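# Secondary and tertiary structure notes
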Amino acid sequence: MFWRSTLVAAAAVVLGFGLKDGVLAQSREFKIGLITPPAHVWNQEVAALNETLKERSGGRFSLAIFPSGQLGNESVMLQQLQTGALDMAWLTTAELTFRVPEMAALHAPFLVTNIEDAARVFRSDVAREMLSVLPQATGTVGLCYAMIGMRQMLTRRPISSAADLAGLRIRITPAPPISRFFEMLGAAPAPMPLPAIYDALANGQIDGLDMDYESIINFRFYEHAPYLYETNHQIFGMVALVSARVWATLSEEDRALIADAMQLHCDRTIDRFVAEEDAKLARLREAPGIQIIEDVSPEFFGDIVARWDAEWGPRTPYLARLRDLAASF
Ligand code: BEZ
């Protein structure tokens, strides 16, 4: 008996499996990709997720982390997830709107105007329901939402109303609902991935961007676009994804372990953005050369909410449901 179990254990080690309660259990290093740089809160939480997975799996599971779009931009990572070439990714809800138009509702202008309510939206049953579309539409399993801070506007030159955005090239995260928002304001949206923005600003290719405080600090975008308008015009989500092909190879027990660990770090990410938003704005007030225009009201953007909703309401039933939810806060 002793020799038999020793032989099984040895074979398991050779084959990359571990013994758990006398049962063969798979060992895996999962490749996980992100568009954000190592200093970003998402990356810090993914590094912490690696520790949680190692600890809870008794060392069987770990992560090989690829930051800053090293594996390609988000659309490339989504394709890799679909084929199983990539195991996991933390991707923006913006990217997912190309394949899951329902999710555009999460990018509705002025759905909520503060970070605490943004957190409530991402923790809602309505938002969670949208994740059920992902396996069919993208070949991925969406385990949980997290987020970044509220979206603000940065421009190279001062503007006094949204009318001044007319004709300006504004960098956006590639996504139809965001693109339409700026087109409706008369701007020329310039979709480009996060790591490409600083050079585009430095070269004068773009006149402004919409962005959250965390990335404004990390990338020092204010060096070339010093006018920061505190607009809080949109929330911005992340979905923790696992390739459906990879998911199918895991036992029920291992899926639960991974889902719980992922949820823990999604929750911590949300909590950190809520807790740190004000301090990030305070830090930006100290940034050299920056001019902050605080408390810009939604009226600055005229009737954009009505116009945007008229276009996107017929495309996603979640828009009305999220507006109702937000009205109940
Ligand atoms: C962006 O595309 O603006 C973005 C993406 C991920 C995290 C933060 C910002």
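Presented here is a report on the structure given in the accompanying data block. (Residues numbered from 1 in each chain as written. Predicted model: local features only at pLDDT ≥ 70, side-chain atom pairs only at ≥ 80, totals over all residues. Heavy atoms only, no water.)

## Re the site of the ligand
Taken together, the residues surrounding the ligand are Ile35, Thr36, Trp42, Thr92, Ile148, Arg151, Arg171, Thr173, Leu194, Met211, Asp212 and Ser215. Residue arginine 171 places a side-chain N or O atom 2.8 Å away from an oxygen atom belonging to the ligand. Taking threonine 173, its side chain carries an N or O atom lying 2.9 Å from an oxygen atom of the ligand. Its residues assigned to classes, the shell around the ligand shows five nonpolar, four polar and three charged. (Near = heavy atom within 4 Å. Polar contact = N/O pair within 3.5 Å; in protein donor to acceptor, adjacent residues only side chain to side chain. Nonpolar A, V, L, I, M, F, W, Y, C, P; charged D, E, K, R; others polar.)

## Focus: the sheet that holds strand β13 (residues 291–293)
Taking strand neighbours across the sheet as the criterion, the six strands line up as β9-β8-β10-β7-β11-β13 in an open arrangement whose pairing is mixed. In this open sheet, the two strands that pair with only one neighbour each are β9 (188–191) and β13. Going from strand to strand, the sheet's axes swing by 30 degrees on average, the running direction of each strand aside. Where helix α8 (residues 176–184) meets the sheet, its contacts fall on β7 (151–155), β8 (169–172), β9, β10 (208–211) and β11 (227–234), and the angle it forms with β8 comes to roughly 160 degrees. Sheet strands in contact with helix α12 (residues 252–285) are β7, β11 and β13, and its direction is about 135 degrees off that of β13. (Pairing = 2+ DSSP bridges. Helix = DSSP H or I, 4+ residues; strand = E, 2+ residues; numbered from the N terminus. Axes fitted to C-alpha atoms, helices over the stretch in contact; angles between N-to-C directions. Contact = heavy atoms within 4.5 Å.)

## Some words on the sheet that holds strand β5 (residues 88–92)
Strand order in the open sheet formed by five strands is β4-β3-β5-β12-β6, with mixed pairing between adjacent strands. Where the open sheet ends on each side, the last strands, each with one partner, are β4 (61–66) and β6 (140–147). Strand-to-strand, the axes of this sheet are offset by a mean angle of 25 degrees, without reference to chain direction. Sheet analysis places β5 next to strand β12 (residues 237–243), joined by five bridges and oriented antiparallel. Counted as the bridge partner of leucine 91 is valine 239 from β12.

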